Amino acid sequence: MQKKSNRFMPLLMALCVVVGILIGTFYANHLSGNRLNIINSSGNKLNSLLQIISDQYVDTVNMEDLVEGAMPQILSELDPHSVYIAAKDVQIANDDLRGSFSGIGIEFTIRQDTIHVQNVITNGPSEKAGVLAGDKIVSIDDQPFVGKIVTNEEAMHRLKGPKDTKVKLGIIRYGEKKVQYFTITRGEIPIKSINSVYMLDNTTGYIRIKNFGENTYSEMLIALGTLSQERFSNLVIDLRGNTGGYLASAVKIANEFLPKNSLIVYTEGRKSPRQEYRSDGHGSYQRMPLVVLIDEGSASAAEILAGAIQDNDRGTIIGRRSFGKGLVQQPLSFTDGSMIRLTIARYYTPSGRCIQKPYTSGADQDYEADLMTRYQHGEYFSQDSIKHTGPAYHTLIEKRTVYGGGGITPDIFIPEDTLGMTSYYKEAAMTGLILQFAYSYTDENRAKLSTFKDMPSLSAYLQKQNTVEMFANYADKNGLKRRNLMIQKSHKLLERYVNSRIIYNIMNEQAWTEYLNADDPVITATLKLFKEEKAFPKNEEEKVQKKVAVNSSHQDRTRVPYYILKAQDRIIIS
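Residues numbered from 1 in each chain as written. Predicted model: local features only at pLDDT ≥ 70, side-chain atom pairs only at ≥ 80, totals over all residues. Heavy atoms only, no water.

Draft legend 1. Looking closely at the sheet that holds strand β12 (residues 234-238). Within the open sheet, the six strands sit side by side as β10-β11-β12-β15-β16-β21. Their pairing is mixed. The outermost strands of the open sheet, each flanked by one partner alone, are β10 (194-199) and β21 (412-413). On top of the sheet, helix α19 (residues 509-517) reaches β10 and β11 (204-209); it is set at about 50 degrees to β10, its chief contact. Together, β11, β12, β15 (290-294), β16 (316-319) and β21 form the strand contacts of helix α20 (residues 521-531), whose direction differs from that of β15 by roughly 165 degrees. (Pairing = 2+ DSSP bridges. Helix = DSSP H or I, 4+ residues; strand = E, 2+ residues; numbered from the N terminus. Contact = heavy atoms within 4.5 Å. Axes fitted to C-alpha atoms, helices over the stretch in contact; angles between N-to-C directions.)

Draft legend 2. Seen up close, helix α12 (residues 423-430). Every buried residue of α12 is accounted for by Tyr 424, Tyr 425, Ala 428 and Ala 429. Seen along its axis, α12 keeps its buried residues to an arc of 125 degrees; they face one direction. After α12 finishes, the residue Gly 432 shows a positive phi value of roughly 85 degrees. (Buried < 20%, exposed > 50% of the residue type's maximum accessible area, 1.4 Å probe, protein only. Arc of directions from axis to C-beta.)

Draft legend 3. Structural detail: the packing of α12 against helix α18 (residues 491-506). Relative orientation of the contacting elements α12 and α18 amounts to 15 degrees, with a least axis distance of 10 Å. By the angle between their directions, the pair α12 and α18 is classed as roughly parallel. Once α12 is placed against α18, the crossing between them reads as left-handed. Across the interface between the two elements, Tyr 424, Tyr 425 and Ala 429 of α12 pack against Leu 493, Leu 494 and Tyr 497 of α18. Taken together, the residues of the contact of α12 with α18 break down into six nonpolar, no polar and no charged. (Parallel < 35°, antiparallel > 145°, perpendicular 65-115°, else oblique. Left-handed = near helix turned anticlockwise from the far one by under 90°. Nonpolar A, V, L, I, M, F, W, Y, C, P; charged D, E, K, R; others polar.)

Draft legend 4. Fine view of helix α6 (residues 152-159). Among the residues of α6, those classed as buried are Asn 152, Ala 155, Met 156 and Leu 159. Projected down its long axis, α6 carries its buried residues within an arc of 95 degrees, all on one side.

Draft legend 5. View of the pairing of β16. Here β16 shows no split at all, with Thr 316 and Ile 318 on one side and Ile 317 and Gly 319 on the other all buried. Sheet analysis places β15 next to β16, joined by four bridges and oriented parallel. The residue bridging Val 291 from the neighbouring strand is Thr 316, located in β16. Taken together, β15, helix α9 (residues 301-311) and β16 form a β-α-β motif whose crossover is right-handed. Pairing between β16 and β21: two bridges, direction parallel. Along β21, the bridge assignment pairs Ile 318 with Ile 412. (Right-handed = clockwise from strand over helix to strand, strands pointing away.)

Written out as C-alpha cells, the structure is:
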C-alpha cells in the first residue's frame, strides 16, 4: 500500500505546481495595478487595453465613442486610402456610386445658413409637388432649419429617407415673405455619372464622365448611341476631375475600345494573388480615333481607364498629370452598420507600372497637400517640372516610354492658362463671392433667363448685360474693394466664371460644360490632333518631345488651381 502511494506522489506534486501557477497568474493579472501579464499579441493587447480602461480608468468613459475615435487613427497608420466610415455616414459614402438613392429630387447649395434649391430634377418628387429652382427651405417637418445647424450632412440626413415616406418642407419663394408648405413623397432618384454628351464639331463626339458608379457602363452605351445618331467619327472622353469609383465600370468601358485579349489592368497584393482584366474583343469602337482628357483631379478608376488606353497605344492622353491613386480598397462591414475600406492590393497598368504616388504611413497631411505642392513647384505650368518618382516602362505596341510611381503623365501636356490672372480674381474666386453673386443674379432675373432654351442664346444675352460690372459693384458692397485696373485685366476670366455659373443655375451641367469647353485650350488641342489625324500615338522619342505651350509667356503663379475652385461650390443632390 505504501509503495502504491509513493508511485503517485510525483504526479500529485506536478499537479499542485500547475494549479499554483494558474492561481498565481490569475491574481497577477487581476490584482496587480502596476504589472500586466498579457500575451505578447497586438490584438490581445488592444482588447486588454480597452478592458482595462473600462474597468479601472479614473472617470467614466464612453467606450463606444473611444472606439469610434480610435478606428480612423489606426487605419490612417496604414495608408492614405484605408478608412473607417461610421454607420451614420455609410449611406452617404455609397450613394454617389450606387446609381440611385431615395430622396426628394433636388440639387441644393447652402448660402447664408439656408438651403437654396439649385435645380429640381425632372419628373422627380419635388417637381411633382411644386418645388421650384430658387426656393429657400426654411423648415423640415415643422422644425426650423436655418442657422448654424444647416450643413450639407445634416440637410441630406433630413431630406433623404426610405422610399414612399413623406417629408414636409417650409419654403420661402423669391419675392414672397410668406412661408409655403409642401409635402413630398420620397422616391428613387437616379444619379448620373455621365452628365455631358454632345458634338464638339461635325465629326467629334464628347463624353464627360464624373465618376465610375454602378450604372456608368450602361450610361456610356447610351451616350455612344446618342453620338452615333450624330454620325461621330472621333471621340473625346473627359475624365478631368473624375475621382474614380468602381473598377468594373472602368474595365467595361475600356473593353469597348480595345482589341481582343488586351490587358486592361491587373491587381496584386500580399494576400491577393495577381488578377488580370482583359478585353473580350466584342467592343464596338476598337478603331475609332480616341482622346482621353485627364488632370490632377483624375484618380483611381479614371487612371485605370487612361492607363489602359495609353499603355495599349490605343489613343492619346491630353492634359496634366493625374492624381496617382493606385491602391485597391475592399469594403468590410461591421454588425453595427459601420464599415472600413481596407487596402488589399495595388493597381498596375498593362505595361506593369503602379500609378500610386509615394506616401508615408501616418502622414496624411503631406499626402493631401501633394496637389498644392505640385502647383507651387510649377507643374501645372511646365511639363519639365513633373517629377517622376518611379521607373520607366514602355507601351505594349509602340514601345513609348511611360512612367510609374505617381499618376498618368499625359502624352500631350497642356499648361494652366494664366493670361489675365490677378490677385483680385483670385480673391473673388476663393471667397465664393462670384458664386454668391451668380446665384443672386439668377434669382433676381430668373423669369427672363428662363426664356432662353439653349446655351448659345443665353450666353449671347449675358455677354450684353455687363455682368462683370455688376459683380464688381456687388463685391465692393460685400468686402472686396474695387480694383479697376485688375478688373480690366481679368475681365475675360471674370466674365467666363460669372456667366458659367449663371448658365449652370438656369440650365444644367451639360450647358455649363459646353460653355466652358468653347474656349478651353485642352479642347482646342484635341480638335487640332483629330484634324491632323494623329490620335493614334506613335513612337517619336527620337524627335523633340511634343509640347503645347498656351500663353506660356504670361505665367502668373497666383492662378487658382481648378481643384480648389471646384471645392468652393458644393452642389448636393438630395
